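Listed below are the residues making up each chain.
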Amino acid sequence: MTTIRNKPLSTAAMHGALIFYTLIALFPIFVIVLNSFKTRRAIFSEPLSLPTADSFSAVGYQTVTQQGDFLLYFQNSMIVTVSSLFLILLFGAMASFALSEYRFRGNMLMGLYLALGIMIPIRIGTVGILEMMVATGLVNTLWALILVYTAQGLPLAVFILTEFMRQVSDDLKNAGRIDGLSEYTIFFRLVLPLVRPAMATVAVFNMIPIWNDLWFPLILAPSEATKTLTLGSQVFIGQFLTDWNAVLSALSLAILPVLVLYVIFSRQLIRGITSGAVK
Amino acid sequence: MDNPPDSTAQHKPRIRWHIVLFLAPAVLIYTAVMIYPLFNTLRLALYDQVDQQRVFVGLQNFRELFGDPLWSDQFWNALGNNFWFFAIHMLIQNPLGIALAALLSHPRLRFAALYRSAIFLPTILSFVIVGFAWKLILSPIWGIAPGMLEAVGLKWLYQPWLGKEEYALSALSLISVWQWVGIPMMLIYAALLSIPDEVIEAGEIDGVTGMAAFWKIKLPLIMPSIGIISILTFVANFNAFDLIYAAQGALAGPDFSTDILGTFLYRTFFGFQLQLGDPHMGAAVASAMFAIILIGVCLYLFGIQRRIRRYQL
C-alpha cells in the first residue's frame, strides 16, 4: 500500500533529478550559443542574460564566415568522415561476409586478429604511422586521415556486422546460388540490403569520434589546406582569443553539423545499442 | 556423383578466390595502417638517433624514461595523474551513468527520450567546444561561476579551479565525466531494458519492489555490462589527450598538474616550445602506454570477466 501512496512523490523526485541533470548537461552549450549572438560588451557585463534589441549582434558570425576559412575546414571534415565511413562499411561488410558465410582454414584466427584492434587504441602506434605516412608522402593529405580512420573503425565494424550476417537466412543465399548467382552478387544484392540497419549502427558509432578527432589531424595533416573543423576551431581559438564574438560564433557553428548528424541518426544509435550491438 | 576420383582430390586444395577478395581490403588496410605501425612503434623504442643515424640501443630509452629524472619525473607524474583521472571516472561517471539509466528505464516515466537525448548531447560535441565552454564558465575573469555561486550565497566556495595546481586535474576529470556520462548511461539503459519482465514480476510477487528490486535483482543482472563499461573507461582514459590539450594546451598546465600520458606522449614525440621532439623517446612512451593498457585489459579478461556470473536469461 505504501508504494501506491508514494507514487506521485517518487515520480516528482525522478523528474526533479532528471531535470536537474539535464540542466547541467545543456548549460555550457547554452552559454556558448547565447553569447555568440551578443555584442562584446554584453558578453562580458551580462553573460547570462538573453540578447535584447540593444545587445544583439551577429558580428562574430560575419568575422567567421568571412575570414576563418571555415568552409574549407568544414569541407575537409566532411570528405574525411564520409570517405572513412564508406570504406569502413564496404570493407568491413565484405570481411564480415567472408567470416560469417564460409568455413575455411584460419577463419577463427582471422576473426580474432581483426578483433584485437577493438581494445588497442590506434593512437599508440602514432610514431609508426607518422613514419609510414612520411615515407609514402601522404603527410598533409586527407588520405592519411582517411586511411587511419578506416583502419581504426574496421575492427568494431567487423565484430558487429559478423553477428548480424550470421542471422541472414541460409535459404535465401542458397536459393540465389541455385539460380546461378555469383558469390559477389549474393553479397551485394541479397545480403547487404538485409543488414542495412546494422550498417547504420556501425556508421553512427564511427562517425562522431572521426568528426571530433583532434590527435591525428594535429599530427598527420596540420597544413592550412587539410585542416579539419575540429583542428581549425582549436587553432581559431588561439588566433582570435581577443575576438570573443568570433570565437563564440565559431564554436556555435562547429556544434551545428554534429547536432544535425545526431538528430538524423539518433534513433538508429539507440536501436543499435538496445539491440545489443555492443554488448 | 559421377566425378572421377582425381577431380575431387583436386577440388580440396583449390583456393576459393572470392573469400580472399572479400577479406583482402579490410585485412590489408588494418594490417598496414594499424598493426604494422604499432609493432614498428614498439621496435623504434629500442633505437636512438645519433648523428642522424638510427642506432640500436636496446632498453636504454626505457631506462631513461623510468630512471633519469629529466624524463622520469614527468613520466611518473603523468602516470599518477592518469590514475586519478581514471579513478574519478570510475567513482563518479559510472555510478552516475547507472543511476541515470535506472531512472530513465522506469516504465512509467514520461519524456524519457527527451532526457536521454539531452544528457547524451555533450558526448557528441568536440573536445574543443567542451574545453572552451568550461574554461569560460570557470574563468575568474568572465565570472559566470562566481556570479552564479554568489546568487545562491555560496561565493566563498569559488576558486579558479582550472588555474590552481591542486584542483585543475580534478576539475578537468569532472568536465570529462560531464562529457562522457552518456555512454555508460546508454549501455546500462540498454542492459536494463533487456531484463525480461517476468524476472521483475517474480520479484514483485515476493515483495521485492522499488529500490530493493534494483539492488537485489537488476544490479546483479547488469554486472557484465558494468564490467565492459569499466574496461572501456580504462582504455579510453589511458589514451585520453584531446580534452586536456584543448583546455590546458600541450604543457598541461598549471605546472604539468594536468599532464596525463596522452599529453606527455604528444610533447615527447613532437616537442613543444623549448623541448625538441624525439620520435624514439615518443615510441618508448607509447610502448609504456601499450603495456599499461594491455595489462589492464588482461586483468579484466582473466581476472574479472571470468568471475562475473552470467545469468541465463
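- An unreviewed UniProt entry lists chain B under the name ABC transporter permease, with Paracoccus tegillarcae as the source organism.
- Annotation of chain B in UniProt includes, under Sequence similarities (unreviewed entry), the sentence "Belongs to the binding-protein-dependent transport system permease family."

- The name an unreviewed UniProt entry gives chain A is Carbohydrate ABC transporter permease, with Paracoccus tegillarcae as the organism.
- Under the UniProt heading Subcellular location (unreviewed entry), the entry covering chain A gives this text: "Cell membrane".
- Its UniProt record gives chain A a comment under Sequence similarities (unreviewed entry), which states: "Belongs to the binding-protein-dependent transport system permease family."

1. A look at the overall build of chain B
- Check the secondary structure of chain B and you find 15 helices and four strands.
- Rg of the C-alpha trace for chain B: 26 Å, well past the compact-globule value of 20 Å for 313 residues, more than 25% over.
- Overall size of chain B, expressed as C-alpha extent along the three principal axes, is 90 × 75 × 30 Å.
- Here chain B holds 313 residues, and the buried ones make up 52% of them.
- A separation threshold of at least 6 residues defines the contact pool for chain B, and within that pool the share at least 24 residues apart is 65%.

2. Remarks on empty space enclosed by the protein
Residues and elements named next belong to chain A.
- All chains considered together, the criterion is met by four cavities of 30 Å³ or more.
- Its volume calculated, the second largest cavity comes out at about 40 Å³.
- Lining the second largest cavity are Ser-77, Val-80, Thr-81, Tyr-149, Ile-210, Trp-211, Asp-213, Pro-217 and Thr-228.
- Elements with a contribution of two residues or more to the lining of the second largest cavity: helix 4 (70-101) and helix 10 (196-212).
- The leading source of residues in the lining of the second largest cavity is helix 4, at three residues.
- Class assignment for the residues of the lining of the second largest cavity results in five nonpolar, three polar and one charged.

3. Notes on the pattern of salt bridges
All names here are of chain A.
- On inspection of all chains with the given rule, the structure shows 10 salt bridges over all chains.
- Among the salt bridges present, the one from Lys-173 reaches Asp-170, with a minimum N-O distance of 3.5 Å. Of this pair, Lys-173 and Asp-170 both sit in helix 8 (residues 170-178), three residues apart, roughly one helical turn.
- Between Glu-224 and Lys-227 there is a salt bridge, with the nearest N and O atoms lying 2.7 Å from each other.
- With relative accessibility at 38%, the residue Glu-224 sits in the partly exposed group.
- Judged by its relative accessible area of 8%, Lys-227 is buried.

4. Quick word on the packing of aromatic side chains
Residue and element names in this part refer to chain B.
- Per the stated rule, a full pass over the model turns up 35 aromatic pairs over all chains.
- Pairing Trp-134 with Trp-178 gives two aromatic rings, centres 5.4 Å apart and planes at 75°, and the pair type is edge-to-face. Of this pair, Trp-134 sits in helix 6 (residues 127-138) while Trp-178 sits in helix 8 (residues 165-180), placing them 44 residues apart in sequence.
- What makes Trp-178 buried here is its relative accessible area of 5%.

5. Re the interface of chain A and chain B
- Of the residues lining the interface, 86 residues belong to chain A; the matching set on chain B comes to 85 residues.
- Both sides together, the interface formed by chain A and chain B hides about 7,900 Å², and carbon and sulfur atoms give 81% of it.
- Area buried by chain A at its contact with chain B is led by A:Tyr21, A:Ile124 and A:Val127, which between them contribute 9% of it.
- Taken together, the links from chain A to chain B amount to two salt bridges.

6. What about helix 6 of chain B?
Residue and element names in this part refer to chain B.
- Taking 1.5 Å of rise per residue, the 12 residues of helix 6 would be expected to cover 16 Å, and the 16 Å separating its terminal C-alpha atoms lies within 8% of that figure.
- Of all 12 residues making up helix 6, 11 are buried, and the element is well covered by its neighbours.
- Regarding helix 6, the residues found buried are Phe-127, Val-128, Ile-129, Val-130, Gly-131, Phe-132, Ala-133, Trp-134, Leu-136, Ile-137 and Leu-138.

7. A short note on the packing of helix 4 (residues 69-104) of chain B against helix 12 (residues 223-237) of chain B
All names here are of chain B.
- Following both chains from N to C, one finds helix 4 and helix 12 inclined at 145°, their axes separated by 10 Å at the closest point. The two elements helix 4 and helix 12 meet at a crossing, and its hand is right-handed. Residue-level contacts link Asn-82, Phe-85, Phe-86, His-89, Met-90, Gln-93, Asn-94 and Ile-98 of helix 4 to Ile-226, Ile-229, Ser-230, Thr-233, Phe-234 and Asn-237 of helix 12.
- When grouped by side-chain class, the residues that make up the contact of helix 4 with helix 12 number seven nonpolar, seven polar and no charged.

8. Examining the UniProt feature "transmembrane region" (unreviewed entry) in chain B
- Here the UniProt feature "transmembrane region" (unreviewed entry) sits at residues 20-39, 83-104, 113-134, 170-192, 221-244 and 282-302 of chain B.
- In this annotation, residues 221-244 of chain B is assigned 79% helix and 0% strand; the end-to-end C-alpha distance for the span is 36 Å.

9. Thoughts on the nonpolar core
- By size, the foremost hydrophobic cluster in this structure holds 192 residues, and its most contacted members are A:Val148, A:Phe216, A:Leu220, B:Leu65 and B:Phe132.
- Residue assignment places this core across two domains, with domain 1 (1-56) and domain 2 (61-277) of chain A each supplying three or more.

10. Some points on the UniProt feature "transmembrane region" (unreviewed entry) in chain A
All names here are of chain A.
- Look at the UniProt record and you will see "transmembrane region" (unreviewed entry) annotated at residues 12-34, 78-99, 111-130, 142-165, 186-208 and 246-265.
- End-to-end, the C-alpha atoms of residues 78-99 are 31 Å apart, and along that stretch the chain is 100% helix and 0% strand.
- Measuring from the first to the last C-alpha atom of residues 142-165 gives 32 Å, for a span that is 100% helix and 0% strand.

11. As for a negative patch on the surface
All names here are of chain B.
- A surface patch of negative charge is lined by Asp-197, Glu-198, Glu-201 and Glu-204.
- Counting through the fold element by element, Asp-197 comes out in helix 10 (residues 197-205).
- On the basis of relative accessible area, Asp-197 is assigned to the exposed category, the value being 52%.

About the cut-offs
Residues numbered from 1 in each chain as written. Chains lettered and ligands numbered in written order. Predicted model: local features only at pLDDT ≥ 70, side-chain atom pairs only at ≥ 80, totals over all residues. Heavy atoms only, no water. UniProt positions renumbered as here; feature names shortened; annotations may be inferred. Helix = DSSP H or I, 4+ residues; strand = E, 2+ residues; numbered from the N terminus. Rg over C-alpha atoms; globule rule 2.2 N^0.38 Å. Buried < 20%, exposed > 50% of the residue type's maximum accessible area, 1.4 Å probe, protein only. Contact = heavy atoms within 4.5 Å. 1 Å grid on protein atoms, 1.4 Å probe; cavity = no way out; pocket = protein on both sides within 12 Å on 5 of 7 lines; lining within 4 Å. Points joined across faces, edges and corners; volume = space filled by probe spheres on them. Nonpolar A, V, L, I, M, F, W, Y, C, P; charged D, E, K, R; others polar. Salt bridge = Lys/Arg side-chain N within 4 Å of Asp/Glu carboxyl O. Phe/Tyr/Trp six-rings, centres within 6.5 Å; stacked < 30°, edge-to-face > 60°. Buried area = accessible area lost by both parts, 1.4 Å probe. Expected span 1.5 Å × (residues − 1). Axes fitted to C-alpha atoms, helices over the stretch in contact; angles between N-to-C directions. Left-handed = near helix turned anticlockwise from the far one by under 90°. Core = buried A, V, L, I, M, F, W, Y, C linked by side-chain atoms within 4.5 Å. Domains from an automatic or database assignment. Patch = residues over 30% accessible without salt bridge, like charges linked within 9 Å, V, L, I, M, F, W, Y side chains within 5 Å. Areas by Shrake-Rupley, 256 points an atom, 1.4 Å probe, with all protein chains shown as cover. Lys, Arg positive; Asp, Glu negative; His and termini not counted. Charge placed at Lys NZ, Arg CZ, Asp CG, Glu CD.

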